[in-house]
Amino acid sequence: MALEHAILVSLLEKPGSGYELARRFERSIGYFWTATHQQIYRVLKRMENDGWVDARDVPQQGRPDKKEYRVADLGRAALSSWLHDPIEPESVRHDLAVKIRGAAFDDPAALIREVERHRQAHRDRLAHYLAGQARDFTETGAGPAGPGAPPDAERELQHAVLRGGIAYERMMIGWLDDVLATLARFGPDS
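Right, let's walk through the structure included here.

Each value, and the rule that gives it
- Numbers given to residues run from 1 along each chain, matching the order in which its sequence is written.
- In keeping with the model being predicted, local features are shown solely for residues with a pLDDT of at least 70 and side-chain atom pairs are shown and tallied solely at 80 or more, while totals for entire chains, interfaces and linings include all residues.
- Each side-chain value is worked out from all heavy atoms of the structure, with water and hydrogens disregarded.
- Where helices and strands are cited, they refer to DSSP runs of H or I of at least four residues and of E of at least two residues respectively, numbered from the N terminus.
- The buried label applies to any residue whose accessible area, calculated with a 1.4 Å probe on protein chains only, is under 20% of its type's maximum; exposed applies above 50%, and partly exposed to all values in between.
- Where accessible areas are quoted, they stem from the Shrake-Rupley method and a 1.4 Å probe; at the residue level, only the protein chains shown are allowed to cover.
- Within this document, salt bridges are pairs made up of a side-chain nitrogen of Lys or Arg and a carboxyl oxygen of Asp or Glu, the two lying within 4 Å of each other.
- The contact definition used throughout considers only heavy atoms, calling two residues in contact when any of these lie within 4.5 Å.
- Side-chain atoms within 4.5 Å link the members of a nonpolar core, which is a set of buried Ala, Val, Leu, Ile, Met, Phe, Trp, Tyr and Cys residues.
- One bridge is not enough; two strands pair if DSSP finds at least two bridges between them.
- Note on definitions: angles span 0 to 180 degrees between N-to-C directions of axes, and those axes are lines fitted to C-alpha atoms, for helices only across the stretch in contact.
- We call two directions roughly parallel when the angle between them is under 35 degrees, roughly antiparallel when it is over 145, roughly perpendicular when it lies between 65 and 115, and oblique otherwise.
- Basically, the charged four are Asp, Glu, Lys and Arg, the nonpolar ten are Ala, Val, Leu, Ile, Met, Phe, Trp, Tyr, Cys and Pro, and anything else, Gly included, counts as polar.
- Patch membership is restricted to residues that have no salt bridge and whose relative accessible area is over 30%. Joining uses 9 Å for like charges and 5 Å for the nonpolar side chains Val, Leu, Ile, Met, Phe, Trp and Tyr.
- When charges are tallied, Lys and Arg are placed among the positive residues and Asp and Glu among the negative ones, while His and the ends of the chain are skipped.
- Positions of charges follow a simple convention, taking NZ of Lys, CZ of Arg, CG of Asp or CD of Glu.
- Definitions for this section: a left-handed crossing has its near helix turned counterclockwise from the far helix by less than a right angle. A right-handed crossing has that turn clockwise.

**Quick word on the overall build of the protein**
Helix and strand counts for the protein come out as 7 helices and 2 strands. Shown N-terminal to C-terminal, the secondary structure of the protein runs as helices and strands in the order α-α-α-β-β-α-α-α-α. By the burial criterion, 31% of the 190 residues in the protein qualify as buried. On the protein, roughly 12900 Å² of surface is accessible, and the fraction owed to carbon and sulfur atoms is 53%.

Here it is, written out as structure tokens:
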């Protein structure tokens, strides 16, 4: 996936400035697609030049005007084309897994602190996801509109991605717990 597609999705969800878009990447999209502020601004400029997004100046009180970006027809067509193209299943590239395998040739117990650090990062991300789910989605998945509201593809698909993130973090925590139990068998007291 190109950064352009992630930006198009975000702008279709809600138009905004480059700064606002970068903040959204930090809070949500960034959990499955990362980009620096500089990358976002650079790609936005290219997308504007290519006619994928339109920008308008928005006056602000006490601050310089900001540019607010919206998806243009060409951008919507590009996203639609990309959505219909098949993609290859992702291959797993996991540095920590290689370290864990490599620990057999050094001191396996020395890796415990690093695995604990990763487990805590996944626990923190899981807590963040669960808080977002509790805040933004009801038990029925209807979202803030409440039970009985008509289906909303945008909200329900956002929730589906969030549920995938929750399942992934739970799986990672379980796996890291297993790794820690395995590493503990090779500690100084074993």
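That covers the picture; the talk isn't over yet.
**Considering the pattern of salt bridges**
Evaluated as defined, the whole model comprises 9 salt bridges. When the shortest N-O distance is used, the salt bridge between Lys67 and Glu48 registers 3.3 Å. Placement of Lys67 in strand β2 (residues 63-71) and of Glu48 in helix α3 (residues 37-49) is noted, with a sequence separation of 19 residues between them. Owing to a relative accessible area of 23%, Glu48 belongs among the partly exposed residues under this scheme. Each of Arg56, Glu68 and Arg70 takes part in one network of salt bridges that share partners.

**Some remarks on the environment of Arg123**
Structurally, Arg123 is set in helix α6 (residues 112-136). Placed 46 residues apart in sequence, Arg123 and Glu169 show a C-alpha to C-alpha distance of 7.2 Å.

**A look at helix α1 (residues 3-13)**
Within α1, 8 of the 11 residues are buried, which leaves it mostly tucked inside the rest of the structure. Burial in α1 covers these residues: Leu3, Glu4, His5, Ala6, Ile7, Leu8, Ser10 and Leu11. Where α1 is buried, its residues meet α2 (18-27), α3, β1 (53-60), β2 and α4 (73-84).

**What about the side chain of Ser10?**
The residue Ser10 is located in helix α1 in this model. Once you skip the residues sitting within four places of it in the chain, Ser10 turns out to touch Leu21, Arg24 and Ile29.

**Description of the nonpolar core**
When a protein is soluble and globular, its nonpolar side chains tend to lie buried together. Ile7, Leu11, Leu21, Phe25, Ile40 and Leu44 are the most contacted members of the largest nonpolar core, which has 17 residues in total. The dominant element in this core, judged by the number of residues it contributes, is α1, at 5 residues. Contacts of Leu21, omitting those with residues within four sequence positions, involve Ile7, Ser10, Leu11, Ile40 and Leu44.

**Describing the pairing of β1**
Examined bridge by bridge, β1 and β2 share 7 bridges and lie antiparallel to one another. Looking at the pairing, Val53 lines up with Val71 of β2. Linking β1 to β2, which pair antiparallel, is a turn of 2 residues; within it Gly62 sits at a positive phi near 75 degrees.

**Notes on the packing of α1 against α2**
If you want to describe how two helices pack, look at the angle between their axes and the distance between the axes. Running from amino to carboxyl end, α1 crosses α2 at an angle of 100 degrees, the nearest separation of the two axes being 11 Å. By the angle between their directions, the pair α1 and α2 is classed as roughly perpendicular. Contacts between α1 and α2 involve Leu3, Ala6, Ile7, Ser10 and Leu11 from the former and Leu21, Arg24 and Phe25 from the latter. Tallied by class, the residues present in the contact of α1 with α2 amount to 6 nonpolar, 1 polar and 1 charged.

**Here's the deal with a negative patch on the surface**
A cluster of acidic residues, Glu13, Asp152, Glu154 and Glu156, forms a negative patch at the surface. One can find Glu154 in helix α7 (residues 153-184). Overall, the relative accessible area of 38% leaves Glu154 in the partly exposed class.

**Quick word on the packing of α1 against α4**
Packing of α1 against α4 leaves a shortest axis separation of 10 Å and a crossing angle of 120 degrees. As far as their axial angle goes, α4 and α1 are oblique. As α1 packs across α4, the resulting crossing turns out to be left-handed. Of the residues in α4, those touching α1 at His5, Leu8, Val9 and Leu12 are Gly75, Arg76, Ala78, Leu79 and Trp82.

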